[in-house]
Structures are given as structure tokens and as C-alpha cells.
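The chain contents come next:
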Amino acid sequence: MTDDPPLSPALLPSGFVDLLTPDARTEAEGVATLMDVFASHGYDRVRPPLMEFEETYLAGAGASLAEQSFRVMDPDTRRMMVLRPDITPQIARMAATRAGGAARPLRVSYAGTCVVVAPVAAEESGRQVMQTGIELIGPDSPQADAEILAVGAEALERLGVTGVSFDLTMPPFIPALLEEAGIPASSRPALLRALDRKDAAAVAEHGGALSTTLTALLESSGAAEHAVARLTGLNLPPRARAILDRLVDTVAAIRESRPDLRLTVDPVEFRGWKYHTGVCVTVFATGRSEELGRGGRYLCNDNEPACGLTFRPDVLFRLIPAAAPRKRVYLAPDADRAEAARLRAQGFATIGGFSAGPQAMEDARRLGCDFVLSGLARTDVS
Ligand SMILES: N[C@@H](Cc1c[nH]c[nH+]1)C(=O)O
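In every chain, residue numbers begin from 1 and rise along the written sequence. pLDDT decides what is reported in this predicted model: residues at 70 or higher carry local features, side-chain atom pairs at 80 or more are listed and counted, and totals for whole chains, interfaces and linings draw on all residues regardless. Side-chain numbers come from the whole structure's heavy atoms, not from hydrogens or water.

1. Brief notes about the overall build of the chain
And then number 1: Summing up its helical and strand segments, the chain has 13 helices and 16 strands in all.
And then number 2: Oriented by its inertia axes, the alpha-carbon framework of the chain measures out at about 85 × 60 × 45 Å.
And then number 3: Out of the 382 residues in the chain, the part that is buried amounts to 48%.
And then number 4: Residue contacts follow a heavy-atom distance rule, with two residues in contact if any of their heavy atoms lie within 4.5 Å. Pairs at least 24 apart in sequence give 66% of the contacts found in the chain among residues at least 6 apart.
And then number 5: For the accessible areas, the method is Shrake-Rupley and the probe is 1.4 Å, while residue cover comes only from the protein chains on display. Only carbon and sulfur atoms are counted for the fraction: they give 55% of the accessible area of the chain, which is about 18,700 Å². Counting from the N terminus, the helices are the DSSP runs of H or I reaching at least four residues and the strands are the DSSP runs of E reaching at least two. Note on classification: 1.4 Å probe, protein chains only; a residue is buried when its accessible area is under 20% of the maximum for its type, exposed when over 50%, partly exposed between these limits.

2. Quick word on the UniProt feature "binding site: L-histidine" (unreviewed entry) in the chain
And then number 1: UniProt positions are given in the numbering used here, feature names are shortened, and annotations may be inferred rather than shown by experiment. Per the UniProt entry, the sites bearing "binding site: L-histidine" (unreviewed entry) are Asp86, Ile87, Thr88, Gln131, Glu135 and Arg271 in this numbering.
And then number 2: Note that Asp86 resides in the loop between strand E4 (80–83) and helix H3 (88–96).
And then number 3: Residue classification places Asp86 among the buried positions, given a relative accessible area of 1%.
And then number 4: Aside from chain neighbours lying at most four places away, what touches Asp86 is Tyr57, Leu65, Cys114, Gln131, Trp273 and Tyr275.
And then number 5: With respect to the element layout, Glu135 can be found in strand E6 (residues 128–137).
And then number 6: Relative accessible area serves as the criterion here: at 1%, Glu135 is assigned to the buried category.
And then number 7: Filtering out sequence-adjacent residues up to four positions away, Glu135 remains in contact with Tyr43, Thr88, Ile91, Leu106, Arg107, Val108, Tyr110, Tyr298, Cys307, Gly308, Leu309 and Thr310.
And then number 8: The definition of a polar contact used here is a pair of N or O atoms within 3.5 Å, where within protein one atom must be able to donate a hydrogen and the other to accept one, and adjacent residues in sequence count solely through side-chain atom pairs. In terms of polar contacts, Glu135 uses its side chain to reach the side chain of Thr88, at 3.0 Å.

In C-alpha cells, the structure reads:
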């Protein structure tokens, strides 16, 4: 027994909401549109489960997601399970196990619900998040990175999302640079914080021998061509150089297929889950701070290279007009069944009516119907 006041019947746990119409419809139709574009490029749908054993999920690519994972105990076996916070680690597992023998390059798509402990971005409040994405497994090339971006861009265009920008990052770059430059482990946290805040003064203060390079890196972020021109001129140690060269090649490959995309580069950014091993991307709509999607390069659970892009439909669908409802027809109890079926085939929603005569007309109006079907006769709702 507790002394807590009784819960309101409408109360839900923080971060979980009911999605009503039209939002739920807009989400479902938007996901279908995205999945259709993915399928048209050969990305076949897979459906990993909502829960997995903790020890399998948190191995491999999922290792960095422990803090974001809800744990549930299986009452049958008493084994701990994870409610997935992200689908990509499941694809990394599938690619190394059940889909290990499938022809490469392996292209898969997915749409499903995830649950995170804390909202993904600061401006968000949701803990149940929808993911819709693609993964390209096998090739480790700038062309594969470019394909992911191009397919993602096309999917957004089909949805009608305009003014999108793709921000390229390379999370392993700064750690490699600090290590190669021999920056002591004790100064790294302050330096990483300063870089994360893009605080030039603090970067200069904590950067030691790397101050000039790090300041130049901060200044080079921006439009891809501007960034690439400045970054190629920098004097860098070999591992950091190799990571950067790969980013430059990826920019060139993207430009070849989609010269029109708005591309920016941020060499010091390392947001996102921590399993990425190479070039990453965050998708923004101009003038908005929420992330529409994120992606990047990683390794599957058997170290096979892969890259992918995951959209966040719950953010995305706030940017597009609500999906139009079907036109509605009120079926009086004597409505002709074949005619009703024909109307449904034409895209109408037929609403089964329990009233006839003037009451049918009133019910039809109340339920948002355009006309009443009685026998074969249509009467417009006035
Ligand atoms: N699933 C990752 C993005 C990603 C897809 N593929 C590789 N990375 C995320 O939501 O942040």
C-alpha cells in the first residue's frame, strides 16, 4: 500500500504519449512513403524484435547503448532483456548471424519503435521513438556512404520535406588526433568539452601543442567545399589525416551523385551513439535544431563494414502537412453492399450507420460524412 494519490486515468509515464488522428495517420503514411523509396533502391525490409537478450544486444555495436536501454526481466527464464533503444545494432547482429550468408552488398530497411531512457535530443521529450532507416552492409567506400545519403535525400523529397541539410562529421577524428599528438589523458576531458561547446578560447587554453590545429579545425566547419579546402591544407598526423582524407573522398562521391544537396562539414563534432567508426551524418531542416535523422559508418558484430541512415519519423512528420483523411460516406442500414464496396475501392471510408431517415442525416453530419448512401441513392450532407 502507498499513500500516493490515485493516478489520473489519462496519465502516462514521462516521455510516452498517445498519438491521435491525424498525427498517427500522418506517421503511418509517412513511414510507408519512406519505406517505398527505400524498397525502390533494393533495400528489403527486415523486422528485428522489440526485445533482445541484454548480453547479445549490448555486445558489438550496442555496447555503447547500455545507459539508454530499459531492462526487463523475462519472468519465464529470469534472463535480462533489453528494450531496444536503436535498431542499427540489431542489424549489425543479423548481418553477422542469420543474414551472414546473404549476398553482399546487403541492403536492408526497417521501421519500428524504440525506447530510450533519456530523450535523444535536448529539445525532445519523447522516450518512445520511431525509427525508419536503411543499412548498406559489405562495402567500405565513399560511394557506399554517398548512396546512403542520396537515397535518404530522395526519401525526404518524396515526403515533401524541403530545405534539408546534411551535416557530415567524423567522430573518430578528434580522439585519433589527440592520441597521436600525445595530449595527456588528464587534459582530454576539458578539451573535448571545449570542442563540444565550440568554445575557441577554452580550446586554445587546453589544446597545448594542438591549439593552432584545433582552432583551425573549429574555423573550418561550414559549407562542405569551404571546409574541405581548409582541411586539406592542415598538417596532421597519419591516422587523423587518413580519417580526414576519407571524409574528403566521401564529399566528392556525394557531389558526383547529388551536386545539389546542402552539405556541411563539422570536423570537431562527435554527437550520436558511440559505435560509429567513420564518416557520419546528421540531417537537419534549415532553421530548426531537431535532428531529422542520423547515420554513419560502423562495424557489424563480426567486424564487417557497414553504413546506414536512420530517420526519426516523429520529428520528421511535424514538418509536413497532416495526411488528408479519406472522404467519408454514411451507410444507412439499407445501403447497397456492392455499391459500398465500390466506394471503398475508390478510396472512400464507409461508416456503418445504425440510423435511418432524418437521424441518419444528422449522424452523418456529426461523424464528418460527405453523403449518405441509402440503397443506391446518395444524399449530400447539407
Ligand atoms: N541508428 C543510428 C544511426 C545509424 C544508422 N546506421 C548507422 N548509424 C541513430 O539513430 O543514431
